[in-house]
Structure formats: C-alpha cells, structure tokens
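Notes for the structure review
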Amino acid sequence: MELTLMVILAAIASGAIIGVFLGTFGGGGSVLAAPLLLYIVGVTDPHIAIGTSAAAVAAIALFSLLGHWRGGKVKWPCAIVFAISGFAGSIGGSTIAKQIDGSQLLLAFSIAMAAIALSMFRKPAFAGDPDVHLTPSITMRIAPLGLVVGMAAGFFGIGGGFLIVPGLMLAAGMTMSNATASSLVSVALFGAATSANYAISGLVDGRLVLLLLAGGAVGGLAGIAISRILSQRVRTARSAFAAMILVVAAYVAWNAIGALTVHPA
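Let us look at the structure shown here.

Conventions adopted
- Residues numbered from 1 in each chain as written.
- Predicted model: local features only at pLDDT ≥ 70, side-chain atom pairs only at ≥ 80, totals over all residues.
- Heavy atoms only, no water.
- Phe/Tyr/Trp six-rings, centres within 6.5 Å; stacked < 30°, edge-to-face > 60°.
- Helix = DSSP H or I, 4+ residues; strand = E, 2+ residues; numbered from the N terminus.
- Buried < 20%, exposed > 50% of the residue type's maximum accessible area, 1.4 Å probe, protein only.
- Polar contact = N/O pair within 3.5 Å; in protein donor to acceptor, adjacent residues only side chain to side chain.
- Contact = heavy atoms within 4.5 Å.
- Lys, Arg positive; Asp, Glu negative; His and termini not counted.
- Salt bridge = Lys/Arg side-chain N within 4 Å of Asp/Glu carboxyl O.
- Core = buried A, V, L, I, M, F, W, Y, C linked by side-chain atoms within 4.5 Å.
- Axes fitted to C-alpha atoms, helices over the stretch in contact; angles between N-to-C directions.
- Parallel < 35°, antiparallel > 145°, perpendicular 65-115°, else oblique.
- Left-handed = near helix turned anticlockwise from the far one by under 90°.
- Nonpolar A, V, L, I, M, F, W, Y, C, P; charged D, E, K, R; others polar.
- Expected span 1.5 Å × (residues − 1).
- Bend = angle between axes of the 7 residues up to and from the residue.

**What to know about the packing of aromatic side chains**
Counted according to the given criterion, the structure contains three aromatic pairs. Aromatic side chains tyrosine 39 and tyrosine 251 sit 5.0 Å apart centroid to centroid with 85° between the ring planes, which places their arrangement in the edge-to-face category. Taken together, the positions of tyrosine 39 in helix α2 (residues 33–41) and tyrosine 251 in helix α10 (residues 234–262) put the pair 212 residues apart, joining distant regions of the chain. With relative accessibility at 45%, the residue tyrosine 251 sits in the partly exposed group. An angle of 85° between the planes, with centres 4.8 Å apart, marks the rings of phenylalanine 155 and phenylalanine 156 as edge-to-face. Of the two residues, phenylalanine 155 and phenylalanine 156, neither departs from the other in class, the shared state being buried.

**Remarks on the side chain of serine 94**
Structurally, the position occupied by serine 94 is in helix α4 (residues 76–97). At 3.0 Å, the side chain of serine 94 and the backbone oxygen of isoleucine 91 are in polar contact. In this structure the side chain of serine 94 is engaged in a polar contact, spanning 2.8 Å, whose partner is the side chain of asparagine 197. Those residues in contact with serine 94 that sit more than four places away from it in its chain are Gly154, Phe155, Thr194, Asn197 and Tyr198.

**Considerations on the side chain of lysine 98**
Mapped onto the elements of the fold, lysine 98 is located in the loop between α4 and α5 (102–121). Here lysine 98 sits buried without a salt bridge, and the closest side chain of opposite charge, aspartate 45, lies 12 Å off (N-O distance). Of note is the side chain of lysine 98, whose polar atom sits 2.9 Å from the side chain of serine 201. Beyond its immediate stretch of four places on either side in the chain, lysine 98 contacts His47, Asn197, Tyr198, Ser201 and Leu203.

**With respect to the nonpolar core**
In terms of nonpolar packing, the biggest core is built from 70 residues, with Ile18, Met113, Ile142 and Leu208 touching the most fellow members. Per-element tally for this core: the top contributor is helix α8 (residues 176–200), with nine residues. Ignoring any residue separated from it by four or fewer positions in sequence, one finds methionine 113 in contact with Val31, Leu32, Pro35, Ile245, Val248, Ala249 and Val252.

**Examining the packing of α2 against helix α3 (residues 46–70)**
In the contact formed by α2 and α3, the axes pass within 8 Å of each other and the chain directions differ by 130°. Viewed along their axes, α2 and α3 adopt a mutual orientation that is oblique. Taken as a pair, α2 and α3 cross one another with a handedness that is right-handed. On α3, the residues that touch Ala33, Ala34, Leu37 and Leu38 of α2 are Pro46, Ala49, Ile50, Thr52, Ser53 and Val57. Here the residues of the contact of α2 with α3 sort into eight nonpolar, two polar and no charged.

**Brief notes about helix α9 (residues 206–229)**
Taking 1.5 Å as the rise per residue, α9 with 24 residues should run 34 Å; its terminal C-alpha atoms sit 34 Å apart, in good agreement. Along α9, the largest kink reaches about 30° and is centred on glycine 216. Burial in α9 covers these residues: Leu208, Val209, Leu211, Leu212, Gly215, Gly216, Gly219, Gly220, Gly223, Ile224 and Ser227.

What is shown is where atoms sit, not what they do.
Have a look at this one:
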C-alpha cells in the first residue's frame, strides 16, 4: 500500500494505542492491532494485517517489558518457562491460520476478541504471592498451559496476554502486577514467532511495523506510567477497556460476515 501522510499518521497513532494498553495491562492491547491496521490504517489483506501486527506487538511488548523489568516486577523463571513452552504452539497456530480464508479468519478473530473482553471482566480469586518462586510443581502447571496459549496466540496473531496473565496467576500464584509484567516475555516471543512465520510467506509489511513501533515506544512508556497511577483502580480500568474490545469485536464480526455474504469462501 502507498504510504501517504494520512497512512503514516494513522499507523503511528495505532502503535501508540497498542503501546498504551500493553504497557498498562500486559494483555488485551494486542487484539486491537489487526483491527487498527484494517479499519484505521487501511490494510486490505487480513493476513498482512495479522502478520504485521504480530511483529509490531512483539517489539512493543519487548519495549514495555524493559520498563517493568527495571521496576522489579518480572518473575523471570516462571516467565521463561511459559514463553519457551508456548513457542512451538505459536508456530503451529500461525501456520494453520495462513491456510484459512481472510474473512473466515477475521470472524474467528472477532469471537476471540469477545472472549478476551469477557475474561477481563472476571475478578481474580486471590491476590497472589509477591514472593513466588519457580518449583517443579509450578513448572508442571505452567508448561502445558504455555503450549496451549502459544497456539492460540499464533493462530489469531495476538500476544495472548489476556490468557497469560490469569494463567500465571492461577498456575504460579503470583500477583496481578507480577503476572502483567511477566506476561510480556511471552507476548514478545509469541509475536516474534508468529510474525516470522507470516514473513516467510511475504505477509508482513515492514514499513508499517516501523511506524507502529514509533508510536508504540511512546505509548508503552505512557502505559507503564498509567499502570502505576491505576494500581488502586485496575479493575475499573480493565472493565472499561473490556467493554471497548467488545464493541470492536462486534464491528469486526459485522464486516467479516458481510464479506462472507458477498464473497462466500
């Protein structure tokens, strides 16, 4: 696609939006990446939107991770086990997704978005242990969960943070703030694996990736600052964000169904 001034500004703004939500919540922000590329930036091929967004999300998550790391929030042993376990799953999921019709993939993506939003409304059953350490029993719980989440992240081209955060809280017993920070390790790795798989098939626009990153760098810093400000009101903020994702999911589904009706797969 031609990089007009409007496209450039839209891509930078989209990256900033993704960065803010990734930095604030660790998960959820990545699901907006593909819709932003399709409906704001103007990308026409759903596969290119997903492949490109996966690359940008991986880099933005890595940038946000550095900020949380400096804050001492990342539980590295647990985070690394989860990420490595999910790596193969993300490759498998993205390989399957490339074979599916674009409109059908978007319809499935909208359903995943709705599921993500609904999961964000749930209140954690426990506060978590800020001093949790990796043990053999925790490893046995984290590893298979990472594989499944990685496959879902690869298939939908999303970071998977919406599953990683509650998964780490449940399997490892860590706090939400630790899980949010630690989830970014997997978000970065899953996104990198997925985008590399799409890039092999020529389904990643490197120019848009760079523009998304330009905005995401600023948005990520803002998100980290916002996460500290909202530390006592995380539930309210997450609920508002979840409601927005539901609206976007409905819009994506409406467009996908319309495309399938006009041009059946």
